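Residues per chain, in single letters:
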Amino acid sequence: MSLNRRNLLKSTAALSAAAMMPKVLMADGHGPIKLGSVLDTSGGFDAYGRPMDMAMRLAVEEINTGGGLLGREVEVVAYDTQSDMALYTQYAQRLTRQDQVDVVHGGILSASREAIRQTLRRSETLYFYNVLYEGGVCDRNIFINGVTPAQQVEALVPHAMANSGPRVYVIAADYNYGHNTAGWIRHYVEANGGEIVGIDFLPLDVNDFGSTIASIQTASPDLVIAPLVGGAHLSFFRQWAASGMKDRIPLASTTMGVGNEHKVLTPEEGDGIMVAYNYSQELDTPNNTSFKERWTAAYGNTDDIHEIAVSNYQGVVTWAEAVRQAGSIDRMAIIEALETGLSIEGPAGTVTVDPQTHHAILDVHLMEIRDQGMQVIETLPQRQPVDVQAVCDLGANPDDNTQYEIEI
Amino acid sequence: MDLSFVILVEMLYAVATLVLISAGLAVVFGMMKVINLAHGEFMMMGGYATITAVNFGVNIFVAMLIIAPIAVGLIGLLVERLVIRHLYGRLIDTMLATWGLSLLFVGLATMIFGNTTTGISTPIPGFTVGNYQVNGYNFFIIVISIMLIAGMLAVLKGTRAGLIARGTMQRSDMASALGYSPDRIYMATFFCGSALSGLAGAVLAPLVGLVPTSGVAYIAKAFITVVAGGPALIAGLISSAASFGIINQVFAFAVSPVIGDVALFVTAIVLLRLMPQGITSRFFKGKL
């Protein structure tokens, strides 16, 4: 074909007409439903993000083999944010403008959530944040299904104190998560008639705990609670065991095991640490057994399953159920379906949307680390996110858009 | 009484750790004047070499004291032949090149071992001092550091090879005129420096959770110790490690570990203001 003006015009007109076709089709509701995902599947947080990505893909695949949603297939549009907070805003904008997805699941650190929450709210794209966090986000466009401090610390503290005694020492990571959580620990220790004998905040790169361990011994508490975060802080548990303190003072943690850290420690180092989460691989329920079988069929083994991977899976399942109930992919219709107090049965038990806060009502399990697994000691069924409920009421203020710092 | 013993042990341990993490850099930077920004990554590789060897069933002490130093030394040898030997005498260029190397090693370690925390447990049990429990491994690190210093002193001062190495570092042209090959001597010295870094990483591995980016945590302290130490290799290493280690622990016990680190860096700034050429430019002059 020789390239002259007439031919060029013809062909480009045809091309642009072709390019417009799928959009027209999509508006009619015949194309796939697009699920956007932004997660750190490489870089420093990939231990959290990779399994979350695997869980999301597993959930979507199961939805599609079950016939999709509203007769349409679900298509994943996923971006790897490479553990770089700047990429979150960039990809969130691409998901909303270019890909025009129907929902976004993702974000790991609280910083990443706050980086994209406003973008998604402005562009009216429904957002699910499926990670345990410090609590307080109040925004009608977001749904959160991770445990908050009230659900976790409130359960863990009395249990750990009953197993040890009233004098508690806290060593926490030195950023907003650690400070907020330490505040909650103090609150619940005092509410249970105990006393805080010392609090240390440690920057994320501290990996030598010799003097901290000696100061703990000087204070001689009955219990140590450690909301420590990341690889460097893992050294604490190792050095604590190496100095022989493990058999002298019991230890509890609000973070240990979220990224499967307990599988890195040897049984001698990890056994006996008390934790409380929504999920444990050792949960002996038909739901969990079947979930693990499906995961193994997809990925070969269950090594990677952890707390927030399961949260992400449950987030996608919750969204899918809401789409079915709403009978539409319209954002407001889905939000209203979720606000009916919708429930799903996930690997970690029943997860119910709390209409007032858009957080989740879920089971919390008190567990002890035993042979690199988490043995469930007690299950506290269907706990409410009371901390967020105290500050946030989306029914009364649907336009609220704040992360409250909860006064304790 | 018990507490003062615990504090004493922690102080010695802090000094020993500084000696250990700075020894390899003291050779590479202090002697050879190569600003090795990949020093932390050499330590990280020492840690991974140990963990890999232990996972293959090797005795942990063999892995730490023999396998890791040799493995990292060989990597150092490769690096020296491919990159560093073209850059002797070009201080700023070595900085750029080794910074690139450090990124490369972090990337390689991430590809091989994954970006997750790994580790092994300490081979020595804790023991009791009165009402306190002390990490038994601290003593191991103190002993290793003392042996390291003694070993370096013996090699550099007592052997002909040490004499030749020191001479070459001062005047490579004269060494060359006397019939020694500076090229070979530089190569061997870089091997030793890398091996020392590998040893440090290996010995510290059981105390920490190792990730490919672990090296970053050590690099600042290692450079400060070596720079503040000044021209004398071993006397400088000991004197600056001792001052920093003790100050760090005093403040760590009196206030908190964070303030301990702050105190260390403030001391370093003051020290370098008062003695820009390092401690050994004023005290212990002419010592090795």
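Structure's up top.
What you are looking at is a predicted structure, and each value in this text was computed from that prediction instead of being measured. (Residues numbered from 1 in each chain as written. Chains lettered and ligands numbered in written order. Predicted model: local features only at pLDDT ≥ 70, side-chain atom pairs only at ≥ 80, totals over all residues. Heavy atoms only, no water.)

### Overview of the overall build of chain B
Then step 1. Looking only at helices and strands, one finds 11 helices and 2 strands in chain B.
Then step 2. Reading chain B from its N end, one meets helices and strands in the order α-α-α-α-β-β-α-α-α-α-α-α-α.
Then step 3. Over its C-alpha atoms chain B spans a radius of gyration of 19 Å, differing by no more than 12% from the 19 Å that the globule rule assigns to 288 residues.
Then step 4. For chain B, the spread of C-alpha atoms along the three principal axes comes to 65 × 45 × 35 Å. (Helix = DSSP H or I, 4+ residues; strand = E, 2+ residues; numbered from the N terminus. Rg over C-alpha atoms; globule rule 2.2 N^0.38 Å.)

### Thoughts on the layout of surface pockets
Rolling a probe over the atoms, with the probe sized like a water molecule, indicates the empty space that remains.
Residue and element names in this part refer to chain B.
Then step 1. Empty space within the second largest pocket amounts to approximately 550 Å³.
Then step 2. As for the second largest pocket, its lining consists of 19 residues, of which Gly30, Lys33, Pro231, Ala232 and Leu233 are closest to the centre.
Then step 3. The element contributing the most residues to the lining of the second largest pocket is helix H6 (residues 160–170), with 5 residues.
Then step 4. In the lining of the second largest pocket, the residues fall into 11 nonpolar, 5 polar and 3 charged. (1 Å grid on protein atoms, 1.4 Å probe; cavity = no way out; pocket = protein on both sides within 12 Å on 5 of 7 lines; lining within 4 Å. Points joined across faces, edges and corners; volume = space filled by probe spheres on them. Nonpolar A, V, L, I, M, F, W, Y, C, P; charged D, E, K, R; others polar.)

### Focus: the sheet that holds strand E6 (residues 142–144) of chain A
All names here are of chain A.
Then step 1. Strand order in this open sheet of 5 strands is E2-E1-E3-E4-E6, and the pairing throughout is parallel. Strands at the two margins of the open sheet, each flanked by one partner only, are strand E2 (74–80) and E6. On average, adjacent strands in this sheet sit at an angle of 20 degrees to one another, irrespective of strand direction.
Then step 2. Pairing analysis gives 4 bridges linking strand E1 (residues 33–39) to strand E3 (residues 103–106), with the strands arranged parallel. When the bridges of E3 are listed, Leu35 appears paired with Val103.
Then step 3. Set on the sheet, helix H2 (residues 46–65) makes contact with E1 and E2; between it and E2 the angle comes to about 170 degrees.
Then step 4. Packing against the sheet, helix H12 (residues 331–338) makes contact with strand E4 (126–129) and E6, and its axis sits at approximately 40 degrees to E4. (Pairing = 2+ DSSP bridges. Axes fitted to C-alpha atoms, helices over the stretch in contact; angles between N-to-C directions. Contact = heavy atoms within 4.5 Å.)

So yeah, pure geometry; function would need other evidence.
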